[in-house]
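Each chain, letter by letter, is given below.
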Amino acid sequence: MSYEPLIGIGMPVYNGERHIRQALDSLLAQDYGDFELVISDNASTDETQQICLEYAERDKRIRYYRNERNMGIAWNFNRVFELSSGEYFMSACHDDWWAPNYLSSCLEALSSSESIVLAGTMCKSIAPETGKLLLIDHGVSTIGLKARERFKHYKLMLHCGKKNVGSIFCGVYKRDALRKVMPLKNMIGTDHVLLAELSLQGEFITIQENLMTKRYGGTSASHKNVAHALSVTNPMLIRCPYFVREVLMQKVIFQTDKLALPEKVTLSYWSLNNYIKVHFIPPLHRRFQTISRLPAKMVNKLLKPLGVKFTRICSQSARQDVVKLSKYKELIRQFHGCFTDSFFCDLPINKNRCDLLVKLLGTGIGEAMYILAFLHQSIKLDGDVCEFGVAQGATSALLANEVLSFDNKCLWLFDSFEGLPKPSSKDKLIDDIFNLGSIEAYQGRMCCPVESVKSRISEISFPTSRLKIVQGFIEETITGDLLPGKVCFAYVDFDFYQPILTALNFLSEHLSVGGSVIVDDYGFFSSGAKTVVDEFMAAHSHDFKMILPPDWAGHFAILVKGSRPNNGSS
Ligand SMILES: C[S@@+](CC[C@H](N)C(=O)[O-])C[C@H]1O[C@@H](n2cnc3c(N)ncnc32)[C@H](O)[C@@H]1O
């Protein structure tokens, strides 16, 4: 009987002479040695063949195969999977390299639980030419989640930082689980579809240690490169890869045996919704939401006996469900890691931050990261920090936690604590976030007792002497005595035209030069927020600059004082 090693490593390669030695050396130097390494050479025209034969001669664990012609990456990946054996399979790129404990760490994780099907580690991506660190991939972990949640988690990670979750594809798989979702299709984003399908089979784990290094560039740098490497010529696959990917995601959802039919329906709706939200401009997404609400209402009637219903993912109730689940802490931690590595590298470390990010209610993680970044950009300036519109105080607690170490700063919280006021004629409903049917129906909503806000803030030991709560409708309190003399940063989240206008007028006088204001709901929920910000900017173009975040971060506007148009930071 022939001996079968525990791990089969597959290395597809085409013209890899420059880096393949480093990859092979680091695999042969692994502290776990019971593996075979199958190299499939896609008819390289450089020295790859000679190098591989030299290594195969030296180490009997290496087997080298050569194709007559280049069949593309996907084909070659499938080939090394078929040619290799072993309970576990690892796909190794010829230009990556690994720390000596990479394999043993992944194996330990995989053997710790039946339900884990894929293990990887954090990965450094470097520029191929200069070796400069480009980003750190924190990977994906879906431990403890049910099939539907795992799929959602993976897809959310994919959408939040596309380049930040790629390396797990090159992790170590349980072969039986991987076989169920093979072969890899020949299209751009094929690894995403494979991993989404695999996420339904079992859990992923990313060990939070940098044990792998990837050269970013070459094939992965553009769709054109990927299409070329895959030998994809179909224009639909090149021009609309994410649309095709979504169609396949839908197929994956409906073909799996891991979900019951009602779960498939809700997941398919969620997936499509998420796709439109990430890849299209907001008006199209809004239209989809409006149209889909009608059939959703009808379908909900039909689904009621089965005990399931469609839920809009941005609705307050769904968000609260999410918040109740502490397992989302891991997801938030990963988002935070992606953001601080890629976009907000100057953000100081704060050990309590992720706990408070998990508890946010109306504020998404993308927006929260912008709030934190601009807060820290402004906090050294003269003045206090304010939040206009507090509700349950979840964002207030996040702000308080960051302000805590700045002894001379107070946190000012303005709210009626009676909920939203009557909307004005400038407030037209654009997103019916609570499904109330009209903007008028929102009067009195988002009401939360001041005591519960205080207790939320006391949980982080923020000194009461530095907490200034101004209770009452802003139109009245703004004429009172209890107001900050100077403000360095403000978060304005009043939702409606009139109170936002009042807050902005106050801030235009009291904000320090260089300070910033984030106004939430720009172009979202009520039209009033965008109208008032646009009007304010038209009147203040000489002393304020407006920055709009990328779509994925949320609907808000950042107003920075003292920056002339087009000469400030962005
Ligand atoms: C969207 S909620 C704030 C959410 C909060 N910023 C957060 O991130 O969790 C809007 C809040 O603004 C308050 N509000 C709206 N208009 C107001 C006004 N004219 N005066 C005082 N408070 C107002 C409401 O009571 C409500 O609590």
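Cut-off values and rules
- Residues numbered from 1 in each chain as written.
- Predicted model: local features only at pLDDT ≥ 70, side-chain atom pairs only at ≥ 80, totals over all residues.
- Helix = DSSP H or I, 4+ residues; strand = E, 2+ residues; numbered from the N terminus.
- Buried ≥ 20, exposed ≤ 12 C-beta atoms within 10 Å, placed from the backbone.
- Contact = placed C-beta atoms within 7 Å.
- Near = placed C-beta within 6 Å.
- Nonpolar A, V, L, I, M, F, W, Y, C, P; charged D, E, K, R; others polar.
- Pairing = 2+ DSSP bridges.
- Axes fitted to C-alpha atoms, helices over the stretch in contact; angles between N-to-C directions.
- pLDDT = per-residue confidence, 0-100.
- Arc of directions from axis to C-beta.
- Expected span 1.5 Å × (residues − 1).
- Core = buried A, V, L, I, M, F, W, Y, C linked by C-beta atoms within 7 Å.
- Left-handed = near helix turned anticlockwise from the far one by under 90°.

*Asks:* Before we move on, could you go through the overall build of the protein and cite the residues and values that matter?
*Replies:* The secondary structure content of the protein amounts to 21 helices and 16 strands. In the protein, which comprises 570 residues, the proportion classed as buried is 43%. The long-range share in the protein, meaning contacts at least 24 apart out of those at least 6 apart in sequence, stands at 78%.

*Asks:* Describe the site of the ligand, listing the residues and the values that go with them.
*Replies:* Among the 25 residues in the neighbourhood of the ligand, the closest are listed as Gly389, Ala391, Thr395, Asp493 and Pro499. Counting residues per element, the ones that place at least two in the shell around the ligand are α17 (394–403) and α19 (474–477). For the shell around the ligand, the residue count by class is 13 nonpolar, seven polar and five charged.

*Asks:* So what's going on with the sheet that holds strand β10 (residues 384–388)? Which residues, and what values?
*Replies:* In a beta sheet, neighbouring strands are held together by backbone hydrogen bonds and run either parallel or antiparallel to one another. The mixed open sheet is built from seven strands, whose spatial order is β12-β11-β10-β13-β14-β16-β15. At either margin of the open sheet sits one strand with a lone partner, and together these are β12 (467–471) and β15 (544–547). Between one strand and the next, the sheet's axes are offset by a mean angle of 15°, whatever the strand orientation. Judged from the five bridges that link them, β10 and strand β13 (residues 487–492) form a sheet pairing that is parallel. Among the inter-strand pairings, Cys386 is bridged to a residue of β13, identified as Ala490.

*Asks:* Run through the confidence of the model for the protein, naming residues and quoting values.
*Replies:* Averaged over all residues, the pLDDT of the protein is 86; the fraction at 70 or higher stands at 84%. Contacts for the low-pLDDT stretch residues 312–326, under 50 throughout, to residues beyond four places or in other chains number 16 contacts. Within the model, the stretch residues 565–570 combines pLDDT values under 50 with six contacts to residues more than four positions away or in other chains.

*Asks:* Run through helix α2 (residues 48–58), naming residues and quoting values.
*Replies:* Among all positions of α2, only Thr48, Ile51, Cys52 and Tyr55 are buried. The buried residues of α2 all sit within an arc of 95° when viewed along its axis, so they share a single face. Seen from the open side of α2, the exposed residues pointing more than 90 degrees away from its buried face are Gln50 and Glu57. At its buried positions, α2 is contacted by β1 (7–13), α1 (20–28), β2 (35–41) and β3 (62–66).

*Asks:* For helix α16 (residues 365–378), give the residues involved together with the corresponding values.
*Replies:* Side chains three or four residues apart in an α-helix point the same way, a direct result of the helix having 3.6 residues per turn. With 14 residues, α16 should reach 20 Å at 1.5 Å per residue; the first-to-last C-alpha distance of 20 Å fits that figure. Counting buried residues along α16, eleven of its 14 residues qualify, which places the element largely inside the surrounding structure. Residues of α16 that are buried: Glu367, Ala368, Met369, Tyr370, Ile371, Leu372, Ala373, Phe374, Leu375, Gln377 and Ser378.

*Asks:* Would you mind going over the pairing of strand β4 (residues 88–91) in detail, with residue names and values included?
*Replies:* By the alternation rule, side chains of β4 split into Tyr88 and Met90 and Phe89 and Ser91, which are all buried. Sheet topology places β1 next to β4; four bridges connect them, and they run parallel. When the bridges of β4 are listed, Ile9 appears paired with Met90. Looking at chain direction, β4 and strand β8 (residues 172–174) are connected through three bridges and run antiparallel. The partner of Met90 across the bridge, within β8, is Val172.

*Asks:* I'd love a proper account of the environment of Lys359, names of residues and values included.
*Replies:* Positionally, Lys359 belongs in the loop between α15 (353–358) and α16. Expressed as a C-alpha distance, the spacing of Lys359 and Ala397, which sit 38 residues apart in the sequence, is 9.3 Å.

*Asks:* Mind laying out the nonpolar core, listing which residues take part and the relevant values?
*Replies:* In terms of nonpolar packing, the biggest core is built from 70 residues, with Ala490, Val492, Ile500, Ala503, Ile518 and Val519 touching the most fellow members. Looking at which element gives the most residues to this core, the answer is α16, with eight residues. Residues Ile73, Phe81, Phe151 and Leu267 belong to the second largest nonpolar core, which totals 66 residues.

*Asks:* Describe unusual backbone geometry, with residues and values.
*Replies:* Pro183 follows Met182 through a cis peptide bond whose omega is 0°. On the secondary structure map, Pro183 appears in the loop between α6 (175–181) and α7 (190–201). The phi dihedral of Ala391 falls on the positive side, at around 50°, and the residue is not glycine. Here Ala391 shows up in the loop between β10 and α17.

*Asks:* Any chance you could break down the packing of α17 against helix α18 (residues 450–458) for me, citing the residues and the numbers?
*Replies:* Put simply, α17 and α18 touch, their axes get as near as 9 Å, and they point 35° apart. For the crossing formed where α17 meets α18, the hand is right-handed. Only Val453, Arg456 and Ile457 of α18 make contact with α17, whose side of the interface consists of Ser396, Ala397 and Ala400.

*Asks:* Describe the environment of Gly33, naming the residues involved and giving the relevant values.
*Replies:* Looking at where Gly33 falls in the secondary structure, it is placed in the loop between α1 and β2. Separated by 71 residues in sequence, Gly33 and Ser104 have C-alpha atoms that sit 9.0 Å apart.

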